[in-house]
Amino acid sequence: MTSPPPFYICGPTASGKSALALEMAEKLDGEIVNADAFQLYRGLEIVSAAPSAEELATLPHHLYGVLDPGEPADAQLYVRLAKPVIAEIQSRGKTPIVTGGSGLYLKFLTHGAAPLPTADAALRAEMAARSLEDLVIELESLDPVEASRTALQNRRFVSRALEICLLSGQKASDLRDGWEAQTAAISSQLRGLVIQRGRADLHSRIALRTRAMLDGGALEEVAALADVSSNCEKAIGSREIRALLAGEIDRTTCEDLINAATRQYAKRQESWFRREKWLEIKVVQDCSPFLKSGRAD
RNA sequence: GGCCCGAUAGCUCAGUCGGUAGAGCAGUGGAUUGAAAAUUCACGUGUCGGCGGUUCAAAUCCGUCUCGGGCCA
C-alpha cells in the first residue's frame, strides 16, 4: 500500500487556511501539519494567529508551538522538523494536510533544498559590518553570473550569494542551477491549493483579526516575550505592540500599523504563491462559511 | 458680529521671486532556496475648496463666498 501523498493548503494570512484545513482533513482522513514560520513558536499563539484550542482539539495538529521563542529557525530547520512528522502520519495511513503561508518554508519542503552551504553566523556578522558596495564587488569578482541575476540593492541576497561562494569555494550560480533544473518535475507530482480572496474581503478579515488579537491578549503575550531572539521579534505585531506598551503610540495607531503591515505581508504572499503553478486556485467569496466561523485564518 | 490662520494625491504635508505641482505614509505590481511575518525593486493627472479679477501666464497676487480651527466681543 502506498502512503497517502501530502496535501498542501496555502494562501495569504487571514484567508481562512486553518478552517479549510480542518475541512480537507476530514475529507481526506488527514492530520494537519503547520507550515507557518511563526506558529512554530510557543508563546506566540495570539500574535501569529495560531489555531485555537478548539481547533487543535478537533483533530491532530503537528508542529504548532514546538520551538522556544529564543530559538532561531530557518527553512532548513523547518524541513528537518516536518519531514519525519509527515512520514509518521503517512505511516499510519493518514494524509498530511500541510497548511501555512510561509512560502519559502513550503518551497523547501516540496522541492527540497539546493545543495548549498548552511548559513554561517560568524561570516554573516562579518559581512554585516562591510558596505553593500564592497560585498557586491567581491561577489562580482567571485561569481559574475550570480551577481548579474541578483538584486544588488538587496543586501540579504548579495550576502547570501557571497556566503555560498565563500563557504563552498564554488560558484553559487553553478550550485543553484543544478537544483533549479529538477524543480519542474517535482511540481507535477504535488497537489494542493491556494486560497484566493478579493482584496477588500481580505482586508476586512485582517482588520477583524487584528482587533480580536489586541482584545484577546496580544499585549500580554508580547510583554511576556521580553528579551527573546530577534527572530521572534520579527512577527508582525510585536514591534507595534511594544511601541504601544512603551506609550509611544496609542491603541488606534497600533491597530492601524498592524493592519497595514499585515496587508503588505498578505500581498507578498499572494505574489509568491502566484508563481507556484502547481497549486490549484481556490476562489473564496465574501460570505463563505469561514467568515461566519469568526476565525480569520 | 470683528479679526487671524488654514483648505494642494486616499492620509499628513511641502511648494522659493507668479512660469499649470512633489515628498512621506497608504495602495498596486514584481523579485525572492538556509534571516522569509524577513529583505528588496518599480509605479505619482490631482476640479491645488468654489466663483470672479489682475496678468502673456495664478496653487502662488487681489476680491468674494463656503467649510474647518483659533482669538476678541
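This text follows the structure it describes.
This text gives an overview of the structure that appears in the document. (Residues numbered from 1 in each chain as written. Chains lettered and ligands numbered in written order. Predicted model: local features only at pLDDT ≥ 70, side-chain atom pairs only at ≥ 80, totals over all residues. Heavy atoms only, no water.)

1. Concerning the overall build of chain A
Looking only at helices and strands, one finds 15 helices and six strands in chain A. For chain A, whose C-alpha radius of gyration is 20 Å, the value lies close to the compact-globule estimate of 19 Å for 297 residues. Taking all 297 residues of chain A together, 48% fall into the buried category. Here the contacts in chain A between residues at least 6 apart in sequence split such that 78% fall between residues at least 24 apart. For chain A, the computed accessible surface area is about 14800 Å², with 55% contributed by carbon and sulfur atoms. A gap of 5 Å separates the mean positions of the 35 positive and 40 negative side-chain charges of chain A. (Helix = DSSP H or I, 4+ residues; strand = E, 2+ residues; numbered from the N terminus. Rg over C-alpha atoms; globule rule 2.2 N^0.38 Å. Buried < 20%, exposed > 50% of the residue type's maximum accessible area, 1.4 Å probe, protein only. Contact = heavy atoms within 4.5 Å. Areas by Shrake-Rupley, 256 points an atom, 1.4 Å probe, with all protein chains shown as cover. Lys, Arg positive; Asp, Glu negative; His and termini not counted. Charge placed at Lys NZ, Arg CZ, Asp CG, Glu CD.)

2. Here's the deal with the protein's contact with RNA strand B
Close to RNA strand B lie 46 residues, the nearest being Arg156, Trp179, Arg268, Arg274 and Arg275. Restricting attention to atoms of RNA strand B within 4 Å of the protein, one finds that 56% of them are sugar or phosphate atoms. A distance of 3.4 Å separates a phosphate oxygen of RNA strand B from a polar atom in the backbone of Ala73. In the model, a phosphate oxygen of RNA strand B is placed 2.3 Å from a nitrogen or oxygen of the Arg124 side chain. Among the secondary structure elements, those contributing two or more residues to the surface near RNA strand B are helix H4 (103–111), helix H8 (155–168), helix H9 (172–187), helix H10 (199–215) and helix H14 (251–274). Of the residues forming the surface near RNA strand B, the biggest block, eight residues, is contributed by H14. (Near = heavy atom within 4 Å. Polar contact = N/O pair within 3.5 Å; in protein donor to acceptor, adjacent residues only side chain to side chain.)

3. Focus: the sheet that holds strand S2 (residues 30–34)
In sheet architecture, strand pairing relies on hydrogen bonds along the backbone and comes in two forms, parallel and antiparallel. Pairing is parallel across the open sheet formed by six strands, whose spatial order is S3-S2-S4-S1-S5-S6. The open sheet terminates on both sides in strands that have one partner only, identified here as strand S3 (61–62) and strand S6 (280–283). In this sheet, strand S4 (residues 95–99) lies alongside strand S1 (residues 7–10) in parallel orientation, the contact comprising three bridges. Its bridge partner being in S4, Phe7 is matched across the sheet by Ile97. Sitting on the sheet, helix H1 (residues 17–28) touches S1, S2, S3, S4, strand S5 (192–196) and S6, and the angle it makes with S4 is about 170 degrees. On the sheet, helix H3 (residues 75–91) packs against S2, S3 and S4 and is oriented at approximately 150 degrees with respect to S4. (Pairing = 2+ DSSP bridges. Axes fitted to C-alpha atoms, helices over the stretch in contact; angles between N-to-C directions.)

4. Digging into the packing of aromatic side chains
Evaluation of the coordinates by the stated rule reveals three aromatic pairs. A centroid spacing of 5.7 Å and a plane angle of 85 degrees characterise the contact between Tyr8 and Trp278, whose relative ring orientation is edge-to-face. With Tyr8 in strand S1 and Trp278 in the loop between H14 and S6, this residue pair connects regions lying 270 residues apart in the sequence. Its relative accessible area of 5% is what places Tyr8 among the buried residues. When its relative accessible area of 16% is taken as the criterion, Trp278 is described as buried. (Phe/Tyr/Trp six-rings, centres within 6.5 Å; stacked < 30°, edge-to-face > 60°.)

5. Quick word on H9
Under the 1.5 Å per step criterion, the end-to-end length of H9 is 23 Å for 16 residues, consistent within 8% with the ideal 22 Å. Where H9 is concerned, the buried positions are Ala172, Ser173, Leu175, Trp179, Thr183 and Ser187. Its buried side turned inward, H9 meets H4, helix H7 (144–148) and H8. (Expected span 1.5 Å × (residues − 1).)

6. Re the side chain of Ser102
With respect to the element layout, Ser102 can be found in the loop between S4 and H4. Of the residues examined, Ser102 reaches a relative accessible area of 10% and is grouped as buried. Setting aside anything within four residues of it in sequence, one finds Ser102 in contact with Ala35, Asp36, Ala37 and Tyr265.

7. Details of unusual backbone geometry
Phi is positive for Ala14, which is not a glycine, with a value near 70 degrees. For Ala14, a relative accessible area of 0% puts it in the buried group. Of note, Ala49 is a non-glycine position whose phi angle comes to about 55 degrees, a positive value. Structurally, Ala49 is set in the loop between S2 and helix H2 (53–58).

8. Looking at the pattern of salt bridges
Enumeration according to the criterion identifies 19 salt bridges in this entry. A salt bridge links Arg149 to Asp177, with the shortest nitrogen-to-oxygen separation between them at 3.1 Å. Placement of the pair is Arg149 in the loop between H7 and H8 and Asp177 in helix H9, with a sequence separation of 28 residues. What makes Asp177 partly exposed here is its relative accessible area of 35%. Residues Arg211 and Glu255 are paired through a salt bridge, measuring 2.7 Å at the closest nitrogen-oxygen approach. (Salt bridge = Lys/Arg side-chain N within 4 Å of Asp/Glu carboxyl O.)

9. Details of the nonpolar core
Nonpolar side chains tend toward joint burial in soluble globular proteins. Counting residues in each nonpolar core, the largest one holds 41 residues, and the members touching the most others are Tyr8, Tyr78, Val98 and Ile241. Every element with two or more residues in this core is listed here: S1, H3, H4, H10, helix H11 (218–224), helix H13 (238–245) and H14. Excluding its chain neighbours within four sequence positions, the residues that come into contact with Ile241 are Val47, Leu214, Ala218, Leu219, Val222, Cys254 and Ile258. Core analysis: the next-biggest nonpolar cluster, separate from the first, contains 14 residues, Phe7, Ala21, Leu22 and Ile195 among them. (Core = buried A, V, L, I, M, F, W, Y, C linked by side-chain atoms within 4.5 Å.)

Honestly, it's all geometry; don't read function into it.
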